[in-house]
Each structure stands twice: as C-alpha cells, then as structure tokens.
Amino acid sequence: MNYTAVRLCISPVLLSMSSIAVAQGDIACELPAEIFGATYQIARQSVEGGAVEAETVAAETEKLVLLRSANKVMHIHPMRNTADVWERNAHGGVHFSRFYDSHQRGIEFYQGVVAEPASRLNWDQAYQLLPAAVMSENQVQSVRERPGCANVESYRYTVEGDAYTLEWLPAQQLVLRLVVDRGQYRMSWTLQSVEAQPDRLSEEIQQREAYITIDYADIGDQESDAFFRSLHHGSARHDAAHH
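**Q** Explain the pairing of strand β12 (residues 185–195) to me, and be specific about the residues and the numbers.
**A** With 9 of 11 residues buried, β12 is to be regarded as a mostly interior element. Bridge count for strand β2 (residues 37–46) against β12 is 10 bridges, and the pairing is antiparallel. Bridge assignment links Q41 to a residue of β12, and that residue is T190.

This is the structure in structure tokens:
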C-alpha cells in the first residue's frame with residue numbers, strides 16, 4: 001500500500017473523566033485488558049535552524065480524543081467544537097460525518113463507490129492515526145520488552161522528505177508517540193491516557209443524534225440555514241478531506 005500521500009491532521013479534545021491517565025513514561029505498563037480509545041497531546045512548534053537537536057521555541061499544544069469500535073471511529077475536537085465519525089461497511093467502504101457542536105449541525109459524506117486502497121487508508125488513519133502500511137513497509141528499529149508492560153516497537157522512516165519517528169504499541173494498535181520533522185517545523189502526538197469504558201463511543205454519538213444533519217450533496221439547497229449557507233462553497237468538503 002502506498003502511504004506517501006498521507007498527511008496527518010489531527011485536532012484537539014478534552015480529557016475523558018472515565019479514561020485511565022498515567023505518566024507517559026509508564027503508560028505502556030498500565031494498560032487495561034481492553035481499550036476503547038485514547039487521548040493524545042498534540043504539540044506544534046518551530047525548530048530553530050531546522051535541526052532536530054536545536055533549541056526549540058515553546059510548543060502550541062492541543063488534545064485529541066479517539067474513540068473506536070470494530071467498525072466505527074470518532075475523533076472529538078472540543079477546541080473546534082467538532083466531532084468526526086467514520087463508519088466502515090461490510091464491503092470496506094468508509095462513510096464520514098462531521099458534527100458541529102456549537103451549531104448542532106452535521107454533514108454526511110457518502111462514498112458512492114468503494115475505492116480501495118483509499119477506503120482502507122482512510123480507515124487506518126482514523127482508527128490508529130496512521131496507515132497500517134507504515135509498519136508493514138518499514139523495518140522495526142528496536143522492540144522494548146519489559147515484564148508486565150506492553151511491547152513497544154520503534155520505527156524511523158521518511159514520507160516525501162519529512163522525517164517520522166514512531167513508538168508503536170502493536171498489540172493495542174495505538175501510537176505511543178509520533179514525531180514528524182518537516183524542515184523547521186515539528187509536530188508530535190503523545191499518548192496521555194486510554195479509554196476503558198466500552199459505552200463512551202455510543203454515548204458521544206447519541207448526544208449528536210438530535211442535530212440537524214444533511215447530505216453534503218444537498219448543502220446548496222440549504223440557503224435558509226445560515227450555518228449551512230456559510231459552508232456552501234466547498235469549505236466543508238475541503239475540511240473533511242484533511243482529516
């Protein structure tokens with residue numbers, strides 16, 4: 001699978017009161033038997049001189065909450081007041097919806113034709129933040145094994161000139177830490193806590209069932225709705241294409 005075109009674009013979230021939060025250095029040793037999601041800290045910063053070891057300026061930080069089941073994934077972005085949902089059907093197609101919490105509105109993007117490998121790529125990106133091809137096409141640099149702890153695999157690879165450093169929890173299919181260096185710019189995702197409550201995903205989706213939700217194809221017919229009218233000229237699809 002070719003993943004060279006993939007660009008990670010993740011946004012903020014609030015920590016769940018039902019999540020299990022531990023120090024990042026120990027989190028691989030305190031994981032529950034079943035995991036239904038994770039909270040990440042995302043940091044963006046400039047790197048002086050473009051060198052990884054160089055002095056860096058203060059990072060801008062956000063949070064991302066990822067909730068997932070076998071065929072449904074949700075990313076909650078409270079700083080944007082949005083939530084994204086991916087649903088996978090029996091044929092491998094992926095249906096994407098975005099909810100705008102401040103406006104209690106939603107837009108659905110139906111996939112008319114299953115487009116593999118694009119559907120699989122989109123699903124992997126939602127479910128575990130990066131394509132499965134990363135692990136299958138790159139050699140493991142090292143494996144950290146400790147009694148009573150989850151194994152951690154380390155990878156280093158490049159995508160279109162960007163340098164990626166990944167710490168991966170293979171049994172849990174979770175990113176422990178991911179750092180992307182792109183010239184004088186660095187972005188990182190660090191696992192902060194995991195979700196142990198199986199009902200959290202369905203509860204979050206249920207909270208948004210009362211929203212006014214339309215198909216993207218009908219957005220041009222919503223001139224009487226000020227919010228949908230503001231998205232009429234392609235901004236909704238543009239935003240969706242980057243998540």
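Moving on from the model shown.
**Q** So what about the packing of aromatic side chains? Which residues, and what values?
**A** All chains considered together, the criterion is met by 8 aromatic pairs. Between the aromatic rings of W86 and F96, the centroid separation amounts to 5.1 Å while the plane-to-plane angle is 55°, which identifies the pairing as tilted. Of the two residues, W86 is situated in strand β5 (residues 82–88) and F96 in strand β6 (residues 94–100); the sequence distance between them amounts to 10 residues. Classification of W86 by relative accessible area gives buried; the value is 4%. Residue F96 is classed as buried on the basis of its relative accessible area of 8%. Ring geometry for F96 against F109: centres 5.6 Å apart, planes inclined by 40°, an arrangement best described as tilted. One end of the pair, F96, is in strand β6; the other, F109, is in strand β7 (residues 105–109), with 13 residues separating them in the sequence.

Definitions and limits used
Residues numbered from 1 in each chain as written. Predicted model: local features only at pLDDT ≥ 70, side-chain atom pairs only at ≥ 80, totals over all residues. Heavy atoms only, no water. Buried < 20%, exposed > 50% of the residue type's maximum accessible area, 1.4 Å probe, protein only. Helix = DSSP H or I, 4+ residues; strand = E, 2+ residues; numbered from the N terminus. Pairing = 2+ DSSP bridges. Phe/Tyr/Trp six-rings, centres within 6.5 Å; stacked < 30°, edge-to-face > 60°.

Function cannot be read off these values alone, since they describe shape.
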